[in-house]
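Report on the structure
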Amino acid sequence: MSSERWTENFPESGVTAFRRAEQLLDDRRPLDALKALGTLPETESEAASVQLLAARAYLASAQLRRAEAGFLRVLELDPADHYARFALGRCLQRQSRLPEARAQLRMAAAMDPRPEYQEALGEVSASIALRRGA
């Protein structure tokens, strides 16, 4: 979730807004983070870090369709972003779209076998198995 590449050649006001939004999201204030981002997601549509931050804020504020679109945009820009795949999987899980969630979580876990990715994959797989058995 590094933002250094994007901020190198960006006006200071945009960097300040981005950093403020990051802090607000860390403070569990996703709606305020989205306000702080303002129009950056639209004006910086090619900046994966901006799109990822906005998608994370949408997910944290339960705007699941917007979050999904944001994570998909990040993956268009950087298909190797394992965190975006993980977060997209979580977003799909919250929408009860479990087979789609499992596919994204499998890819994330294959790309980077972090424990949280493995746990999420196991959770979704277990939910799918329970639904089949019910």
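**Here's the deal with the packing of helix α5 (residues 48-60) against helix α6 (residues 64-77)**
Viewed as axis vectors pointing N to C, α5 and α6 meet at an angle of 160°, and their least axial separation amounts to 8 Å. Classified by the interaxial angle, the pair formed by α5 and α6 is roughly antiparallel. Remark: the crossing between α5 and α6 carries left-handed chirality. Residues Ala48, Gln51, Leu52, Ala55, Arg56, Tyr58 and Leu59 of α5 form the contact with α6, whose own contacting residues are Leu64, Arg66, Ala67, Gly70, Phe71, Arg73, Val74 and Leu77. Its residues assigned to classes, the contact of α5 with α6 comprises ten nonpolar, two polar and three charged.

**Thoughts on the packing of aromatic side chains**
For the structure shown, the criterion picks out two aromatic pairs. When the ring of Tyr83 is compared with that of Phe86, the centres are 6.0 Å apart and the planes differ by 50°; the resulting orientation is tilted. Taken as a pair, Tyr83 and Phe86 lie in helix α7 (residues 82-94) at a separation of three residues, close to a single helical turn. Feature note: the residues Tyr83, Phe86 and Tyr117 constitute an aromatic cluster, connected by ring pairs.

**Description of the nonpolar core**
Counting residues in each nonpolar core, the largest one holds 24 residues, and the members touching the most others are Leu59, Phe71, Phe86, Cys91, Leu105 and Val124. Of all the elements in the fold, those that place two or more residues in this core are α5, α6, α7, α8 (98-111) and α9 (115-133). Looking at this core element by element, the count peaks at six residues for α7. The contact partners of Phe86, leaving out residues within four places of it in the chain, are Leu105, Ala108, Glu116, Tyr117 and Ala120. Counting residues in each nonpolar core, the second largest holds 14 residues, with Ala17, Leu40, Ala47 and Val50 among its members.

Criteria and thresholds
Residues numbered from 1 in each chain as written. Predicted model: local features only at pLDDT ≥ 70, side-chain atom pairs only at ≥ 80, totals over all residues. Heavy atoms only, no water. Axes fitted to C-alpha atoms, helices over the stretch in contact; angles between N-to-C directions. Helix = DSSP H or I, 4+ residues; strand = E, 2+ residues; numbered from the N terminus. Parallel < 35°, antiparallel > 145°, perpendicular 65-115°, else oblique. Left-handed = near helix turned anticlockwise from the far one by under 90°. Contact = heavy atoms within 4.5 Å. Nonpolar A, V, L, I, M, F, W, Y, C, P; charged D, E, K, R; others polar. Phe/Tyr/Trp six-rings, centres within 6.5 Å; stacked < 30°, edge-to-face > 60°. Core = buried A, V, L, I, M, F, W, Y, C linked by side-chain atoms within 4.5 Å. Buried < 20%, exposed > 50% of the residue type's maximum accessible area, 1.4 Å probe, protein only.

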